[in-house]
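Structural overview
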Amino acid sequence: MSTGKPTTGPFEKTSGWLDWYDGPSTPRFKLPAGSVDGHCHVFGPGAEFPYAPERKYTPCDAGKAQLFALRDHLGFARNVIVQATCHGADNRALVDALQASQGRARGVATVRRSVTDEELQALHAAGVRGVRFNFVKRLVDFTPKDELMEIAGRIAQLGWHVVIYFEAVDLPELWDFFTALPTTVVVDHMGRPDVSKGVDSDEFALFLRFMREHANVWSKVSCPERLSVSGPPALNGEQNAYRDVVPFARKVVETFPDRVLWGTDWPHPNLKAHMPDDGLLVDFIPHIAPTAELQHKLLVANPMRLYWPDEA
């Protein structure tokens, strides 16, 4: 007997799945006008937008209506919706959310080598501005690098960028591929550093070098709830959540202020330990971007330049 939020259609939620947080708090931190939630997802609903046969997890439904309600509650003006791996390369749920957003959302899609130019043009018209390449082995099956490079070359002509998701330990072997990409490259969640090794670790130093030596590389400083080992979690009014992640995110924000983005990661797929209160996640922002200028770049200027350049 499953509990919590439903998964509609002929699907059964992954055992132990943590549903997104109901009734998030109102953030104490007031977001700057025009702020963008630069990383979030939609799941289904499964009855309308089926989950992919090759998926590694089946989530609870988390559709566009819930996402836009959260956007308004938290005080964001816009969203960047990233294709969730549970939908594979079927971008219909993403496109549906973009088209319903009245121009207030942009998208990052997943495509295969077989995608046609017409399909890419249709995605562009819907608001897609990037593709995601996932190298986290427990989430996706491996796609050959020559196929990814071919896709990158095609989407470069549309002015799109590539979003890369990987774990810190894998950066050395992926370095040559990443640095050969012909587009802006956006790293998800700082390349998932092992925060237990400390902000001065060789592993994190390599990531900083990656950004320093390649001016086309940006980073999302999001998902402290995935990276934290000692917390405390963003629950029960906690105003100093995920203290062990703060030095990492703050270092990236202060070193590369014009190439950072932030997002909620709602509805937080595949969390195991706890589901954060999204309002308290917003209250994490001033700890990593301590000045009004840094906050404006992180939340407004940078995402607008990347996703809405005609309005920036």
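Notes on the structure in this doc start here. (Residues numbered from 1 in each chain as written. Predicted model: local features only at pLDDT ≥ 70, side-chain atom pairs only at ≥ 80, totals over all residues. Heavy atoms only, no water.)

A few words now on the pattern of salt bridges. For the coordinates displayed, the defined rule picks out 21 salt bridges. Here Asp22 and Lys5 are joined by a salt bridge, their closest N and O atoms 3.3 Å apart. Linking Asp22 in the segment before β1 (36-40) with Lys5 in the segment before β1, this pair joins segments that are 17 residues apart in sequence. We classify Asp22 as exposed; its relative accessible area is 54%. Judged by its relative accessible area of 15%, Lys5 falls in the buried class. Taking the shortest distance from any N to any O, the salt bridge between Arg132 and Asp188 comes out at 2.8 Å. In this pair, Arg132 is assigned in strand β4 (residues 128-134) and Asp188 in the loop between β6 (185-187) and α6 (202-213), connecting sequence segments 56 residues apart. With a relative accessible area of 0%, Asp188 lands in the buried category. Where salt bridges share partners, they join Arg71, Asp72 and Arg104 into one cluster. (Salt bridge = Lys/Arg side-chain N within 4 Å of Asp/Glu carboxyl O. Helix = DSSP H or I, 4+ residues; strand = E, 2+ residues; numbered from the N terminus. Buried < 20%, exposed > 50% of the residue type's maximum accessible area, 1.4 Å probe, protein only.)

Turning our attention to the environment of Ala97. Examined against the element boundaries, Ala97 turns out to sit in helix α2 (residues 92-100). In this structure, the C-alpha to C-alpha distance between Ala97 and Val42, residues 55 residues apart in sequence, is 7.8 Å. Ignoring anything within four residues of it in the chain, the contact list for Ala97 reads Val42, Lys64, Phe68 and Ile81. (Contact = heavy atoms within 4.5 Å.)

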